[in-house]
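Coordinate analysis (summary)
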Amino acid sequence: MKRDLSMDILRILAAISVVLLHTAATYMYGGNPESLSWQTANIFNSLTRFSVPVFIMLSGAFFLQKEIPIRDLYLKYIKRLFLLLFIWNFCYNITTPPYELNIRHILACLFSPSKEGHHLWFMYMLIGLYMLSPFFKKITDSHLSGYFLILWIAGSVIFNGLDQLTSAPLENLSQLTDLFFSYIPIGYAGYFVLGYYLYKQQELSPKSRRILYTCGIAGIVLSAIGTSLLSKRAGGNVFYFYDYLNILTVLTASAIFVFVRYSNARFSEKTGRFIKIISDLTLGVYLVHILVLRIAYHFTQTLELPTALAIPAIWVVTSICSFIIVFLFKKLPVARFLVQ
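Our subject in this report is the structure included herewith. (Residues numbered from 1 in each chain as written. Predicted model: local features only at pLDDT ≥ 70, side-chain atom pairs only at ≥ 80, totals over all residues. Heavy atoms only, no water.)

**Side note on the overall build of the chain**
Along the backbone of the chain there are 14 helices and zero strands. Here the C-alpha radius of gyration of the chain, 21 Å, is about what a compact globule of 340 residues would show, namely 20 Å. If you line up the chain on its principal axes, its C-alpha atoms span 50 × 50 × 45 Å. Counting all 340 residues of the chain, 48% fall into the buried class. Considering only residue pairs separated by 6 or more positions, the chain has 82% of its internal contacts joining residues 24 or more positions apart. (Helix = DSSP H or I, 4+ residues; strand = E, 2+ residues; numbered from the N terminus. Rg over C-alpha atoms; globule rule 2.2 N^0.38 Å. Buried < 20%, exposed > 50% of the residue type's maximum accessible area, 1.4 Å probe, protein only. Contact = heavy atoms within 4.5 Å.)

Laid out in structure tokens, this is it:
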């Protein structure tokens, strides 16, 4: 399969956007929605909600192209994800207080889900999608992707989280739709199939793409405005529009995926090699960046920068350091397995 550099660029964009998302989130939890700091973080957060959905779409776009025997699926792919999850879960647990070096604490770190490594939920979810991928492969091969995505939009996106809006008619509607759609277990699987559908199965006309791009931009703007208004009204964080299965997030992620997919960018051989190298580091960056972010946030706090400067500064430092760490790890035979 020929390497598609546009998808490598999309993978890099998703990775650095995840870092920015988590950097901005630090300034929102426990913050005051009326403050300039919170509103600044809200803008950065809204700009980057597409990142995790795009990662899932990329996985589906390439994974569903291959016919993988069940044995290889578990021994080659799922085993590797389980190993990475187990090791990084332990790393985040052991570097979180209390710092103890006794057998009981070490065993707890080994087998307890990490609270500080909250981003590792992605690994649990991806393992589940990989387990189900033979079924998704049958769906895409039989050209039922469109029907599957219609069920996904109806069951997991349109009516998702309406009860968060704390408005009586919407809460009642949420209860009603849950009775219909809670038994359709689609969730993040929709992104997995959507990635393949937009990459391999469905060609979009220029007009369709322009409409999608407009919807994607509107998704970012409405997410920021909606989150601000709901949070101000509630006097605390209301992240209804941040949900990865919110229709605004779906539109934004799809628009960015399609934009890069049809970009037709041309690169020199040297630039192409560099893009491939950076792209191959992105999984490791996702796994390690929270550890780096902790340190970067601690040091920048002492500088007392305004939020509009602090978030980009922490983001750049964390991203660069994370890529360097993963690059160095991949050069060491004893550490390479930690980041790939």
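**Description of empty space enclosed by the protein**
The full count for this structure, using the stated rule, is one cavity of 30 Å³ or more. Its boundaries defined by the atoms lining it, the largest cavity holds a volume of some 50 Å³. For the largest cavity, the full set of lining residues is S46, R49, F50, G219, I220, S223, F241, L248, T249 and T252. Sorting the residues of the lining of the largest cavity by element identifies helix 10 (206-234) and helix 11 (247-261) as the ones contributing at least two each. Class assignment of the residues belonging to the lining of the largest cavity gives a composition of four nonpolar, five polar and one charged. (1 Å grid on protein atoms, 1.4 Å probe; cavity = no way out; pocket = protein on both sides within 12 Å on 5 of 7 lines; lining within 4 Å. Points joined across faces, edges and corners; volume = space filled by probe spheres on them. Nonpolar A, V, L, I, M, F, W, Y, C, P; charged D, E, K, R; others polar.)

**Considering unusual backbone geometry**
At H143, a position not held by glycine, the phi torsion is positive, near 60°. Taking the relative accessible area as the measure of exposure, H143 reaches 67% and is therefore exposed.

**Observations regarding the nonpolar core**
Grouped together as the largest cluster of nonpolar side chains are 93 residues, with contacts concentrated most on W88, F122, Y130, F136, W152, Y191 and F257. Among the nonpolar cores identified, the runner-up in size contains five residues, and L230, V238, Y240 and L248 belong to it. (Core = buried A, V, L, I, M, F, W, Y, C linked by side-chain atoms within 4.5 Å.)

**Quick word on the environment of R210**
Among the secondary structure elements, R210 is positioned in helix 10. Counting along the chain gives 179 residues from R210 to G31, while the straight-line C-alpha distance between them is 37 Å.

**Let's talk about the environment of I153**
Tracing the sequence through the fold places I153 in helix 7 (residues 145-158). The partly exposed category is assigned to I153, whose relative accessible area is 27%. In the structure, I153 is positioned 121 residues away from F274 in sequence and 37 Å away in space, judged by C-alpha atoms. Those residues in contact with I153 that lie beyond four places of it in its chain are I158 and V250.

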